[in-house]
Amino acid sequence: MAADAIVLGAGIIGVSTALQLARRGKSVVLVDRRGPGEETSYGNAGLIQREGVVPYGFPQQFGLILRYALNNRIDAHYHWRAIPHVTSFLAKYWWHSNLSRHQLIARAYAPLIEHSISTHNELIEEAGAQDLIAKNGWTELFRTSAKRDGELKEAARLRQEYGVTFRELTSADIRVEEPDISGDFVGGLKWEDPWSVRDPYALTMAYVRLFENLGGRVLKGDARSLSQTATGWRMVAGDGTVEAKDVVVALGPWSDTVTKPLGYRFLVGVKRGYHMHYGTSEGVKLNGWTMDAEKGYFLAPMNQGIRLTTGAEFALRDARKTPVQLERAEAVARTVFPLGERLDPEPWMGARPCTPDMMPVIGQAPRHKGLWFAFGHAHHGLTLGPVTGQVIAEAIAGEQTLIDISAYRPERFGA
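Bear in mind that the values here come from a model prediction, so they are computed numbers and not experimental data.

**Describing the layout of surface pockets**
In step 1: Taken as a whole, the second largest pocket holds about 470 Å³ of empty space.
In step 2: Lining the second largest pocket are 20 residues, with Asp256, Lys260, Phe266, Val268 and Gly269 sitting closest to its centre.
In step 3: At the level of elements, helix H3 (83-96), helix H9 (256-259) and strand E14 (269-278) are the ones that each hand at least two residues to the lining of the second largest pocket.
In step 4: Per-element accounting of the lining of the second largest pocket gives the leading share, three residues, to H3.
In step 5: Its residues assigned to classes, the lining of the second largest pocket shows eleven nonpolar, five polar and four charged.

**Quick notes on empty space enclosed by the protein**
In step 1: Here the structure, examined in full by the defined rule, presents one cavity of 30 Å³ or more.
In step 2: Along its surface, the largest cavity is lined by 13 residues, and Pro55, Tyr56, Met358, Ala378 and His379 are the ones closest to its centre.
In step 3: Classifying every residue of the lining of the largest cavity gives eight nonpolar, four polar and one charged.

**With respect to the UniProt feature "domain: FAD dependent oxidoreductase" (unreviewed entry) in the protein chain**
In step 1: The residues that UniProt annotates with the feature "domain: FAD dependent oxidoreductase" (unreviewed entry) are residues 4-394.
In step 2: Each end of residues 4-394 is marked by a C-alpha atom, and these two atoms are 14 Å apart; helix forms 33% of the span and strand 26%.

**Topic: helix H11 (residues 381-396)**
In step 1: Helix length check: H11, at 16 residues, gives a terminal C-alpha distance of 21 Å against a target of 22 Å (1.5 Å per residue), a fit within 8%.
In step 2: When the local axis directions of H11 are compared, the greatest deviation, roughly 30 degrees, occurs at Val387.
In step 3: Most of H11 is tucked away: 15 of the 16 residues are buried.
In step 4: With its phi angle positive at about 75 degrees, Gly398 sits one or two positions after the end of H11.

**Observations regarding the sheet that holds strand E5 (residues 133-134)**
In step 1: Pairing is antiparallel across the open sheet formed by three strands, whose spatial order is E3-E9-E5. Two strands close off the open sheet at either side, each with one partner strand: strand E3 (47-48) and E5.
In step 2: In this structure, E5 lies alongside strand E9 (residues 195-197), joined through two bridges in antiparallel fashion. Opposite Ile133, over in E9, you have Val197 as the bridge partner.

**Quick word on the nonpolar core**
In step 1: Judged by nonpolar contacts, the single largest core of 79 residues is most densely connected at Trp191, Leu203, Tyr207 and Trp289.
In step 2: Beyond its immediate chain neighbours, meaning those up to four positions away, Trp191 contacts Glu51, Gly137, Trp138, Glu140, Ala155, Leu158, Val164, Thr165 and Phe166.

**Quick notes on unusual backbone geometry**
In step 1: Within the chain, Met358 stands out as a residue other than glycine whose phi angle is a positive 70 degrees.
In step 2: On the accessibility criterion, Met358 (7% relative accessible area) is buried.
In step 3: With a phi close to 55 degrees, Ala378 is a non-glycine residue in the positive phi region.
In step 4: One can find Ala378 in the loop between strand E21 (371-375) and H11.

**Digging into the environment of Val53**
In step 1: By the secondary structure assignment, Val53 is in the loop between E3 and helix H2 (62-69).
In step 2: By relative accessible area, which is 0% here, Val53 ends up buried.
In step 3: Separated by 105 residues in sequence, Val53 and Leu158 have C-alpha atoms that sit 8.1 Å apart.
In step 4: The contacts of Val53, once residues within four sequence positions are left out, are Ala106, Tyr109, Ala110, Ile113, Leu158 and Tyr162.

**So, the pairing of strand E12 (residues 233-237)**
In step 1: Here E12 shows one buried face, formed by Trp233, Met235 and Ala237, and one open face, formed by Arg234 and Val236.
In step 2: The sheet contact formed by strand E11 (residues 227-228) and E12 spans two bridges and is antiparallel. For Ser227, the partnering residue across the bridge sits in E12 and is Arg234.
In step 3: Count of turn residues in the E11/E12 antiparallel hairpin: four residues.
In step 4: Bridge count between E12 and strand E13 (residues 240-249): five bridges; the pairing is antiparallel. If you follow Val236 over to E13, its bridge partner there is Thr241.
In step 5: Hairpin connection between E12 and E13: a loop of two residues separates the two successive antiparallel strands, and Gly238 in this loop has a positive phi of roughly 60 degrees.

**Quick word on the pairing of strand E6 (residues 138-142)**
In step 1: For E6, the tally of buried residues reaches five of five residues, placing the bulk of the element in the interior.
In step 2: Every second residue of E6 is oriented toward a common face, with Trp138, Glu140 and Phe142 on one face and Thr139 and Leu141 on the other, all of them buried.
In step 3: Where E6 meets strand E15 (residues 289-292), four bridges bridge the pair, whose relative direction is parallel. Note on E15: the bridge partner recorded for Leu141 is Asp292.

**Re the packing of aromatic side chains**
In step 1: Considering all chains together, one arrives at 13 aromatic pairs under this definition.
In step 2: Aromatic pair Tyr78 and Trp80: ring centres 5.0 Å apart, planes at 80 degrees, arrangement edge-to-face.
In step 3: On the basis of relative accessible area, Tyr78 is assigned to the buried category, the value being 14%.
In step 4: Following the ring pairs from residue to residue traces out a cluster consisting of Tyr264, Phe266, Phe373, Phe375 and Phe413.
In step 5: Taking NZ or CZ as reference, Arg101 lies 3.7 Å from the ring centre of Trp95, over its face.

The rules we used
Residues numbered from 1 in each chain as written. Predicted model: local features only at pLDDT ≥ 70, side-chain atom pairs only at ≥ 80, totals over all residues. Heavy atoms only, no water. 1 Å grid on protein atoms, 1.4 Å probe; cavity = no way out; pocket = protein on both sides within 12 Å on 5 of 7 lines; lining within 4 Å. Points joined across faces, edges and corners; volume = space filled by probe spheres on them. Helix = DSSP H or I, 4+ residues; strand = E, 2+ residues; numbered from the N terminus. Nonpolar A, V, L, I, M, F, W, Y, C, P; charged D, E, K, R; others polar. UniProt positions renumbered as here; feature names shortened; annotations may be inferred. Expected span 1.5 Å × (residues − 1). Bend = angle between axes of the 7 residues up to and from the residue. Buried < 20%, exposed > 50% of the residue type's maximum accessible area, 1.4 Å probe, protein only. Pairing = 2+ DSSP bridges. Core = buried A, V, L, I, M, F, W, Y, C linked by side-chain atoms within 4.5 Å. Contact = heavy atoms within 4.5 Å. Phe/Tyr/Trp six-rings, centres within 6.5 Å; stacked < 30°, edge-to-face > 60°. Lys NZ or Arg CZ within 6 Å of the ring centre and 35° of its normal.

Below, the structure is given as structure tokens:
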């Protein structure tokens, strides 16, 4: 089979990239070892985070780092055996998270985030997926006035510098907006710009159907079979081989299965996360996407039930599940909201691919013609899928890209 482009990886980044290429008249084959949207893209909190212009940094306060070292928190957990393998990544992650460097990174990162809603909206309308979207933002709840005041001050800065909008909530406001939430919350912060997705997997599949309606093909295949030819790239997929001039590596935390054999060394860490769905009693309702900010878990009213998501687990990508954060979070969440029975047979786990400078790798490979990278989106894969796909598609097509993507170039890691 011949095509203009092969996209490796059928998560939200790969699906969006394949779709954006197909929208520009390219013949595209989307390849994954599993079905589309079945890995990391399946289990996120369902937020298109227009407010997320500042990527999640590594704590800089020594006291907080010591508290994390106790390894008993909801928002972060680590495997002792993984520490020797992730020390280099964590050290550089900490270095880039220094206040001055972090602010520079945010300014480079913000253009991607600024187009997150508009690029999703185009695809949502074309895919007829409006019923999956809520447009009423999300809320952080605060247990202490110190945390509340600090977050509101930061929100005011982001509003001034990046134009994001928010609303301060009093305890009384919280009771009005979420009457079934209880607890000693002194206030909240309602981010008004973000959209929420009631079923991230269903949204990914809506994009897949649109891609197929535009002539795209979805095949099963092993990315490790990729090889360069005199005119482009070839791989085994489906019942035969596929050849194309261009190939996009959008394999998330598994991107190294292609990049390493081709001689590229990216320092990409993994933040694993867990979720579980819960039922509710009759008359009980969670109205919006809600974070217990000081405890570090998220409650989201999904089509499958109330989705409880955890923070970050630092572990080897393929290590066994250890959902201790979920157990801790559930115990706290039940004191805040009347969660019903567990609806999933076991906790879901996914792996977020993270670079030490908190920005994705987007652009053309420096030493291979027709090879493109689109991975490392950390907590914002769902948010940045369509805009990443658009700028990659524009670059492949030789068009002016929507934004300058030089800040995300692979060469910044010495690749």
